[in-house]
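# Structural features, examined
What follows is the residue order along each chain.
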Amino acid sequence: MHSSKKIVVLGHFGVGKTSLIRRFVTDTFSDNYKVTIGVHITKKLVEIAVDREVSLILWDLEGTDEIESIRDSYLLGTHGLVFVFDVSRPSTFEHLGNDLKIVRNKVPETPLMVVGNKSDLVDKAELKTVLDENELSADFLTSAKTGEFVNELFLKLATLLVGDA
Amino acid sequence: MLKLYQEEFANKNMQFILLDSEGVVIESDQKLFDIPVDSSILKLHPFFESLPALFDSAEEVFDFFCIHLALKENTFTTDIKLLKKRDEFLLIITDLTEHYDSYQSVTQSRNESVIKTELTVLKNLELQERERFKNRFIQNFSHELRNPLTSIMAIIDILGDTKMTTEQTKMLDFLKESNSNLRLMLEDTLSIGMIDAGKLEIQHKLFNLRKFFELMQFTYSAKTKKKGLKFVSFWDDRIPEFIEGDRLRLFQIVANLLDNAIKYSENGTVSFKIGLNQKRANTANLRFEVIDTGIGIPEESQEAIFESFHREQPTQKGKGTGLGLTIVKRLLKLMNSKIQLNSEQNKGSVFYFDMSFKYPLPSESKWSEHGNKKRANIGRKARKKYKVLLVEDDEYVQLTLFKILLNTDSFQIDLAYDGALVLQEVVNGDYDIILMDVDLPNLTGIQITQLIRDFPFKNIKNIPIIGITANAYQENLDKCMAAGMNDVVIKPYEKEKLLNTILKNLR
Ligand SMILES: Nc1nc2c(ncn2[C@@H]2O[C@H](COP(=O)(O)OP(=O)(O)OP(=O)(O)O)[C@@H](O)[C@H]2O)c(=O)[nH]1
Ligand SMILES: [Mg+2]
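Residues numbered from 1 in each chain as written. Chains lettered and ligands numbered in written order. Predicted model: local features only at pLDDT ≥ 70, side-chain atom pairs only at ≥ 80, totals over all residues. Heavy atoms only, no water.

Chain A appears in an unreviewed UniProt entry as GTP-binding protein from Maribacter algarum.

## Focus: the overall build of chain A
For clarity, the cut-off: Only DSSP runs of H or I covering at least 4 residues are called helices, and only runs of E covering at least 2 are called strands; the numbering of each starts at the N terminus. Remark: exposure states derive from per-residue accessible area (1.4 Å probe, protein chains only) relative to the maximum for the residue type, with buried under 20%, exposed over 50%, and partly exposed in between. Residue contacts are defined here by distance: any two heavy atoms, one from each residue, within 4.5 Å place the two residues in contact. Computed by Shrake-Rupley with a 1.4 Å probe, the accessible areas treat only the displayed protein chains as cover when residues are assessed.
Secondary structure summary: chain A contains 5 helices and 6 strands in total. In sequence order, chain A lays out its α and β elements as β-α-β-β-α-β-α-β-α-β-α. Across the 165 residues that make up chain A, the buried fraction comes to 52%. A fraction of 72% describes how many contacts in chain A between residues 6 or more apart in sequence connect residues 24 or more apart. Looking at chain A as shown, the accessible area adds up to about 7700 Å², and 48% of this sits on carbon and sulfur atoms.

## A look at the overall build of chain B
From N to C terminus, chain B includes 14 helices and 17 strands. With 507 residues in all, chain B has 42% of them scored as buried. Long-range contacts, defined here as pairs at least 24 residues apart, represent 62% of the contacts in chain B between residues at least 6 apart. Total accessible area on chain B is roughly 29500 Å²; 54% of this is exposed by carbon and sulfur atoms.

## Overview of the coordination of the magnesium ion (ligand 2)
All names here are of chain A. What counts here: A donor here means any N, O or S atom no more than 2.8 Å from the metal (3.2 Å for Na, K and Ca); water is not included, so a site may seem to lack partners.
Those protein atoms acting as donors to the magnesium ion (ligand 2) are Thr18 (OG1) and Thr36 (OG1), and they sit at 1.9 to 2.0 Å. One end of the pair, Thr18, is in helix H1 (residues 17-26); the other, Thr36, is in the loop between H1 and strand E2 (39-49), and 18 residues separate them in sequence. Looking at Thr18, the relative accessible area reads 25%, which means it is partly exposed. What makes Thr36 buried here is its relative accessible area of 10%.

## A word on the packing of helix H6 (residues 247-263) of chain B against helix H7 (residues 324-334) of chain B
Residue and element names in this part refer to chain B. So the rule is basically this: Angles here are taken between N-to-C directions and fall from 0 to 180 degrees, while the axes themselves are lines fitted to C-alpha atoms, restricted in helices to the stretch in contact. In a left-handed crossing the near helix is turned counterclockwise from the far helix by less than a right angle, and in a right-handed crossing that turn is clockwise. Any residue that is not Ala, Val, Leu, Ile, Met, Phe, Trp, Tyr, Cys, Pro, Asp, Glu, Lys or Arg is counted as polar, Gly included; the first ten are nonpolar and the last four charged.
Running from N to C, H6 and H7 cross one another at 145°; their axes reach a closest spacing of 9 Å. Crossing hand, H6 versus H7: left-handed. Along the contact surface, H6 presents Arg249, Gln252, Ile253, Asn256, Leu257 and Asn260, while H7 presents Gly324, Leu325, Ile327, Val328, Leu331 and Leu332. Its residues placed into classes, the contact of H6 with H7 shows 7 nonpolar, 4 polar and 1 charged.

## Here we look at the packing of aromatic side chains
As a reminder of what qualifies: Each Phe, Tyr or Trp ring, with Trp reduced to its six-membered ring, pairs with another whose centre is within 6.5 Å; inter-plane angles below 30 degrees give stacked pairs, above 60 give edge-to-face pairs, and intermediate values give tilted ones. Only Lys NZ and Arg CZ are tested; either one counts as a charge over a ring when it is within 6 Å of the ring centre and within 35 degrees of the ring normal.
Tallied over the full model, the rule gives 17 aromatic pairs over all chains. With centroids separated by 4.1 Å and ring planes inclined at 20°, the aromatic side chains of Phe55 of chain B and Phe89 of chain B adopt a geometry described as stacked. Of this pair, Phe55 of chain B sits in helix H2 (residues 52-55) while Phe89 of chain B sits in strand E5 (residues 88-95); the two residues are 34 residues apart in sequence, bridging distant segments of the chain. Within the aromatic cluster, the residues linked to one another by ring pairs are Trp59 and Tyr74 of chain A together with Phe47, Phe48 and Phe64 of chain B. Note that Lys44 of chain A overlies the ring of Phe24 of chain A, its terminal NZ or CZ placed 5.1 Å from the centroid.

## Notes on the site of ligand 1
Quick note on the threshold: In this text, near means that some heavy atom of the residue lies within 4 Å of the molecule or strand in question. The term polar contact refers here to a pair of N or O atoms within 3.5 Å; inside protein, the definition further demands a hydrogen-donor-capable atom paired with an acceptor-capable atom, and it admits residues adjacent in sequence only when both atoms are side-chain atoms.
Near ligand 1, the surroundings consist of 23 residues, among which Lys17, Ser19, Ser30, Tyr33 and Asp120 of chain A are the closest. One finds residues of chains A and B in close proximity to ligand 1. At 2.5 Å, a side-chain N or O of Tyr33 of chain A approaches an oxygen atom of ligand 1. Contact distances for ligand 1 include 3.1 Å between a nitrogen atom and a side-chain N or O atom of Asn117 of chain A. At 3 residues, the largest contribution of residues to the shell around ligand 1 is made by H1 of chain A.

## Points about the interface of chain A and chain B
Quoted interface sizes are often the accessible area lost when the parts come together. The criterion, for reference: Summed over both partners, the accessible surface that disappears when two parts come together, traced with a 1.4 Å probe, is what is meant by buried area. Note on definitions: salt bridges are taken to be side-chain nitrogens of Lys or Arg within 4 Å of carboxyl oxygens of Asp or Glu.
Listed by partner, the interface residues are 26 residues for chain A and 26 residues for chain B. Across the chain A/chain B interface, buried area totals approximately 2200 Å², and carbon plus sulfur atoms make up 63% of it. Counting across the chain A and chain B interface gives 3 salt bridges. Between Lys43 of chain A and Glu49 of chain B there is a salt bridge, with the nearest N and O atoms lying 2.5 Å from each other. There are 12 residue pairs in polar contact (both at pLDDT 80 or more) connecting chain A and chain B. Elements with a minimum of two residues in the side of chain A that touches chain B: strand E1 (2-11), E2, strand E3 (52-61) and helix H2 (72-75) of chain A.

## Some details on the packing of helix H11 (residues 445-453) of chain B against helix H13 (residues 474-483) of chain B
Residue and element names in this part refer to chain B. Selection criterion: An angle below 35 degrees is read as roughly parallel, one above 145 as roughly antiparallel, one from 65 to 115 as roughly perpendicular, and any other as oblique.
The contact between H11 and H13 brings their axes to 8 Å, and the two run at 20°. Here H13 runs roughly parallel to H11, going by the angle between their axes. Once H11 is placed against H13, the crossing between them reads as left-handed. Here Ile446, Thr449, Gln450 and Arg453 of H11 come into contact with H13, specifically with Asn476, Lys479, Cys480 and Ala483. For the contact of H11 with H13, the class distribution of residues is 3 nonpolar, 3 polar and 2 charged.

## Examining the side chain of Asn208 of chain B
All names here are of chain B. Structurally, Asn208 is set in strand E6 (residues 205-208). Using a relative accessible area of 11% as the deciding quantity, one classes Asn208 as buried. At 3.4 Å, the side chain of Asn208 forms a polar contact with the side chain of Glu241.

## Brief notes about the nonpolar core
Which entries qualify depends on this criterion: To define a nonpolar core, start from buried Ala, Val, Leu, Ile, Met, Phe, Trp, Tyr and Cys residues and group those joined through side-chain atoms within 4.5 Å.
Counting 54 residues, the largest nonpolar core has Trp59 of chain A together with Ile17, Phe47, Ile67 and Leu91 of chain B as the members making the most contacts within it. When neighbours within four sequence positions are excluded, Ile17 of chain B is seen to be in contact with Val25, Glu27, Ser28, Phe33, Ile35, Ile41, Phe89, Leu90, Leu91 and Ile93 of chain B. One finds Leu276, Leu286, Ile339 and Met355 of chain B within the second-largest nonpolar core, a separate group that totals 47 residues.

## Details of the pairing of strand E2 (residues 25-28) of chain B
Test applied: Strands were regarded as paired on the criterion that DSSP finds at least two bridges between them.
Inspection of the sheet shows strand E1 (residues 14-19) of chain B paired to E2 of chain B by 3 bridges, in the antiparallel sense. Paired with Leu19 of chain B across the bridge in E2 of chain B is Val25 of chain B.

## Some remarks on the environment of Leu248 of chain B
All names here are of chain B. Within the fold, Leu248 resides in helix H6. Taking relative accessible area as the criterion, Leu248 reaches 51% and is therefore assigned exposed. In sequence terms Leu248 and Ile202 are 46 residues apart; their C-alpha atoms lie 9.3 Å from each other.

## Thoughts on the pairing of E1 of chain B
Residue and element names in this part refer to chain B. When E1 meets E5, the two strands line up antiparallel, connected through 6 bridges. Bridging from a neighbouring strand, Met14 pairs with Thr94 of E5. Connecting the antiparallel pair E1 and E2 is a turn made up of 5 residues, with Gly23 showing a positive phi of about 90°.

## Thoughts on H11 of chain B
The condition is simple: Picture the helix axis, draw a direction to every C-beta atom, and the arc is the one those directions span.
Every buried residue of H11 of chain B is accounted for by Gly445, Ile446, Ile448, Thr449, Ile452 and Arg453 of chain B. Seen along its axis, H11 of chain B keeps its buried residues to an arc of 160°; they face one direction.

## Focus: the environment of Leu45 of chain A
Residue and element names in this part refer to chain A. Note on placement: Leu45 falls in strand E2. When its relative accessible area of 43% is taken as the criterion, Leu45 is described as partly exposed. As for Leu45 and Val25, which are separated by 20 residues in sequence, their C-alpha atoms are 9.0 Å apart.

Structure (structure tokens):
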């Protein structure tokens, strides 16, 4: 059985959305920052179990610190969402609760993964304090740079979506 | 005609594609890219894979902005419109690559600068936090070190008064020097901590600058000689002898500069000069200068040497915390001056600073000298022997106290070691002062003091009493004072401190 699922990746600018997708799709990483304008769409076929494949259509959105301003048309018909923040920059998670509320309002009942990226920049103990202090809970703490938990993140979401279908 | 022009220009960047409900191309004007009729648009780019989900929607118009289409032949940034036309769908793709590219570069620089600012602020916060932590740590740590160091100093003093072989004396001298170096470093460290915490205040008191200069001359000609260096000093006779300033801090600054000069010179000369820049009605601007012929400081390090824990030569076996010049810099800043440096590698360095001082008119300074003489007289008066009653049960402490007091040749000492005997002694003895062990076994020093203070005869009840205790807790000290002691000396004490306390309280 083959199905395709649209996943929108969103969050503040510079948090590593493009890098996460690049790591997942081509297993590469670049230190250069090139702003994403509008949306870049890529596709990856993943095998979530033996003989069970799913095409993930990944929508890499332009980052913004005003989640409210995200164009609704991008979210149309999406099956899943990944909200990314940057663990090394408080401004990207200071209003996480509120940001998530806005997203959930726009696309209710769509599976959503909350991801703290750039985990390589902060040491583990410090990271835990940061998260606790801000009462954040992330589904994954990833590093697009080292690849840590990047595959796990997308596979988990894919499995969730197919299970939903 | 206009319509023709319109078509010519408006349509240039647009492609119209008609699709069936499966996404198969029915018709396309191929303005931007070629897509064969009868092929599925879903295969063209993953963007189009999301369209079928919309075909069933109740809405009739969908607008997508700024969609990046990377196709085989070309890459576009487009706006895409989807319109429902009965059971067919019309796609209008507008190529806005140029427009969005300019937007890209604006956003790029904006985002980059926002991120950079945020990271800089974070970094600064972190640095500040570290600096605070470091200062707190240094302050607490050096404070804690003071007590054991004082004990060591006292024991060294006591040891020095015992009979020793020449070899032992030598070792003790070494121990003494190491310990006093350690203590200096500790004081330096504490000063830095206090400056950083804003707790250090500059005092302005009248002092004899000429004497200060002579002390430096004396101390440093000895120190330089020890290392085989020459010492040269200069004093401008127009400088007022008495000035108003912080003698202790000035000493700390000049001593650090001179120590530094000696440390980094293997041969040659170290000079110390105090010169006059300018003299007004009652202020004098002076230049303090320390010159060496040592290794010098390369231009690129001339800033860094004033930072904490910097060492010009890390392998140098010289002693010190590496804090000396930092202290100089910060103290001078507190005193509204600034350290200046001229240096050439392998030639030597000149450190100097200018500072203004108020100085009293001649009549005032005479008065000060007079004051000094008066103090000297007290010293002479001290030549008469004072009668001391020592109340102490520990033989060892008795012995060391005896030695300290007898060495001055100013005291005659009686001993009592039992509380009950003390009162008798006091009544008969006509003592000038009582040294009282606070922690006596039967009657404590505090109780004895209370008894003495309750005596009906003035000459007895007013005898100065100095408590001696190992218990440095404020609570204990308060009790001693409340019982009527004039002062309390904490064990282990330095000889000087003890003698000073005694002299201060003699009646
Ligand atoms: N150290 C580290 N750097 C990362 C990581 N992920 C991304 N970066 C860097 O962060 C910068 C921004 O990454 P992008 O992936 O372009 O961020 P984005 O979220 O797509 O940014 P916008 O498109 O502007 O929203 C780049 O310089 C990346 O190299 C990570 O996991 N670790
Ligand atoms: Mg991006």
